[in-house]
Amino acid sequence: QELIDAYQKDPVNTFFFIYQPNSINMQSGTGIQELMAAETRASQIVAEARIGRGDRMKQAKVEAQELIDAYRGEKQEEFNNMALSKGGSEGSASAKLQAETNADIGIMQNAFQGNAQKAVDVLLSKCCEVSLEVPTARVRSTQKLYGVESF
């Protein structure tokens, strides 16, 4: 402590006094011990600061999650109230949608049954009609391939 006080009063002369090879402080090793003790205290302070920072970060995360959950609950409540006010009750909207869907399905089934026979007739007519004529382009390409002259 005396060295620290002396250094604060006169840093230049105290520095040379501490680091002189013939100094009493260097011979006894008290300066080195003080430096080692100060280093130990500093490392303890740094470790405590790191632990405190980690604890503060965890606490901030918990508080932020609580705020997010509260905000989410508030917005969900607003949405539910808006949906009920605009759509009436959920049961009637669902029943109305189901009725519209069933009506559309009925219309589509009637259209299918009315057009099914027409589709079968078209397919059969195309399958049974076979043209025996060879297109002229095909005839020319074959003649050219085999070296036959056209007439």
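Keep in mind that this is a model prediction, so the values were computed, not measured.

A. Structural detail: the overall build of the protein chain. Along the protein chain, the regular secondary structure elements total six helices and zero strands. Starting at the N terminus, the α and β elements of the protein chain follow one another as α-α-α-α-α-α. Buried residues in the protein chain amount to 6% of all 151 residues. Accessible surface for the protein chain amounts to roughly 13,900 Å². Of this, 60% is attributable to carbon and sulfur atoms.

B. The arrangement of a nonpolar patch on the surface in detail. A grouping of Leu 145, Tyr 146 and Val 148 is seen on the molecular surface, where their side chains present a nonpolar patch of about 380 Å² in accessible area. Tracing the sequence through the fold places Tyr 146 in helix α6 (residues 136–146).

C. Spotlight on the pattern of salt bridges. Following the criterion strictly, the structure yields two salt bridges and no others. Across the salt bridge formed by Arg 72 and Asp 69, the nearest N and O atoms sit 3.9 Å from each other. Pair noted here: Arg 72 and Asp 69 are both in helix α4 (residues 30–87), with a separation of three residues, about one helical turn. Exposure remark for Asp 69: the relative accessible area of 41% places this residue in the partly exposed category. A salt bridge links Glu 78 to Lys 75; its shortest N-O distance comes to 3.5 Å. Linking Glu 78 with Lys 75, this pair stays in helix α4, spanning three residues, or about one helical turn. On the basis of relative accessible area, Glu 78 is assigned to the partly exposed category, the value being 41%.

D. Up close: α6. Counting buried positions over the eleven residues of α6 gives one, only a small fraction of the element. At the C-terminal side of α6, Gly 147 shows a positive phi close to 75 degrees.

E. Structural context of the confidence of the model for the protein chain. Per-residue confidence for the protein chain averages 81 on the pLDDT scale, and 76% of its residues sit at or above 70. Across the protein chain, α4 holds the top mean pLDDT of 90, while helix α3 (residues 24–28) sits lowest at 50.

F. Representation of the state of the cysteines. Going through the model one piece at a time under the given rule, you end up with zero disulfides. Cysteine Cys 127 shares no disulfide, and the gap to the nearest cysteine sulfur, in Cys 128, comes to 6.5 Å. Using a relative accessible area of 63% as the deciding quantity, one classes Cys 128 as exposed.

Reading guide: rules and limits
- Residues numbered from 1 in each chain as written.
- Predicted model: local features only at pLDDT ≥ 70, side-chain atom pairs only at ≥ 80, totals over all residues.
- Heavy atoms only, no water.
- Helix = DSSP H or I, 4+ residues; strand = E, 2+ residues; numbered from the N terminus.
- Buried < 20%, exposed > 50% of the residue type's maximum accessible area, 1.4 Å probe, protein only.
- Areas by Shrake-Rupley, 256 points an atom, 1.4 Å probe, with all protein chains shown as cover.
- Patch = residues over 30% accessible without salt bridge, like charges linked within 9 Å, V, L, I, M, F, W, Y side chains within 5 Å.
- Salt bridge = Lys/Arg side-chain N within 4 Å of Asp/Glu carboxyl O.
- pLDDT = per-residue confidence, 0-100.
- Disulfide = S-S within 2.5 Å.

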